[in-house]
Amino acid sequence: MRTIASLEELEGLQGQEVAVSDWTEITQHQVNLFAEATGDHQWIHVDPERARRESPFGAPVAHGFLTLSLLPALMQSAMQMPGVKIGVNYGLNRVRFTAPVPVGSRLRARIKLLKVERIAPPPNAPDLVGAQSTWEVTIEREGSDRPVCVAESISRRYS
């Protein structure tokens, strides 16, 4: 767990790998819940028997967007910024799903800080100090030399 104590410390980390998350396992239960939540019930995700027989992956695989949705939890398991009062997801610049994630895989994130920009406080909270951070997050699958997802994620934090 990496603790970043101040905005100044965060600014000093630009261009560096800042943290590596804990491993998390992808279960069939998670995949099924994600399918329910999104309406994406494609058999390669939710039919383990058919996926073993017919899929080019030889097993059911997680949805790419399920993998992407793990970003906040993976980042939270890797870093903490105790002075932050509010943190929000601002969006993504680029996302690539570079390899499948078979159910049962363990994933972790390597988190590199690309850029920090100071931003104005929200109009209803003029005393807050804000920063927008752009992160390159590379999600790895245990035992594979190829990442499963690479995303450029933007977040805003206010202290």
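Residues numbered from 1 in each chain as written. Predicted model: local features only at pLDDT ≥ 70, side-chain atom pairs only at ≥ 80, totals over all residues. Heavy atoms only, no water.

Peer 1: Give a detailed account of the overall build of the chain, specifying residues and quantitative values.
Peer 2: For the chain, the helix and strand inventory stands at six helices and eight strands. N-terminal to C-terminal, the α/β element order of the chain is β-α-β-β-α-α-α-α-α-β-β-β-β-β. Counting only C-alpha atoms and orienting by the principal axes, one finds that the chain spans roughly 60 × 35 × 25 Å. Scored against the burial criterion, the 159 residues of the chain give a buried share of 38%. A total of about 8600 Å² of accessible surface is found on the chain, and carbon and sulfur atoms cover 49% of it. Here the chain holds 17 positive side-chain charges and 18 negative ones, and the gap between their average locations is 3 Å. (Helix = DSSP H or I, 4+ residues; strand = E, 2+ residues; numbered from the N terminus. Buried < 20%, exposed > 50% of the residue type's maximum accessible area, 1.4 Å probe, protein only. Areas by Shrake-Rupley, 256 points an atom, 1.4 Å probe, with all protein chains shown as cover. Lys, Arg positive; Asp, Glu negative; His and termini not counted. Charge placed at Lys NZ, Arg CZ, Asp CG, Glu CD.)

Peer 1: Explain the side chain of Gln 132 to me, and be specific about the residues and the numbers.
Peer 2: Residue placement: Gln 132 occurs in strand 7 (residues 130-141). When sequence neighbours within four positions are dropped, the list of residues in contact with Gln 132 reads Tyr 90, Lys 115, Val 116, Glu 117, Ile 119, Ile 154, Ser 155 and Arg 156. (Contact = heavy atoms within 4.5 Å.)

Peer 1: Give a detailed account of the pairing of strand 6 (residues 106-119), specifying residues and quantitative values.
Peer 2: One ladder, built from three bridges, connects strand 2 (residues 17-20) with strand 6; its direction is antiparallel. Looking across to strand 6, one finds that Ala 19 is bridged to Ile 111. Looking at chain direction, strand 6 and strand 7 are connected through 12 bridges and run antiparallel. Along strand 7, the bridge assignment pairs Leu 107 with Arg 141. (Pairing = 2+ DSSP bridges.)

Peer 1: Please provide a residue-by-residue account of the packing of aromatic side chains, values included.
Peer 2: Applying the stated criterion to the full structure yields one aromatic pair. Cation over ring: Arg 50 sits above Trp 43, and NZ or CZ is 4.2 Å from the ring centre. Here the basic side chain of Arg 156 rests over the ring of Tyr 90, its NZ or CZ set 3.9 Å away from the ring centre. (Phe/Tyr/Trp six-rings, centres within 6.5 Å; stacked < 30°, edge-to-face > 60°. Lys NZ or Arg CZ within 6 Å of the ring centre and 35° of its normal.)

Peer 1: Talk me through the UniProt feature "domain: MaoC-like" (unreviewed entry) in the chain; I want residue IDs and the actual numbers.
Peer 2: According to UniProt, the "domain: MaoC-like" (unreviewed entry) feature falls on residues 14-116. As annotated, residues 14-116 has a helix share of 35% and a strand share of 29%, and its two end C-alpha atoms lie 7 Å apart. (UniProt positions renumbered as here; feature names shortened; annotations may be inferred.)

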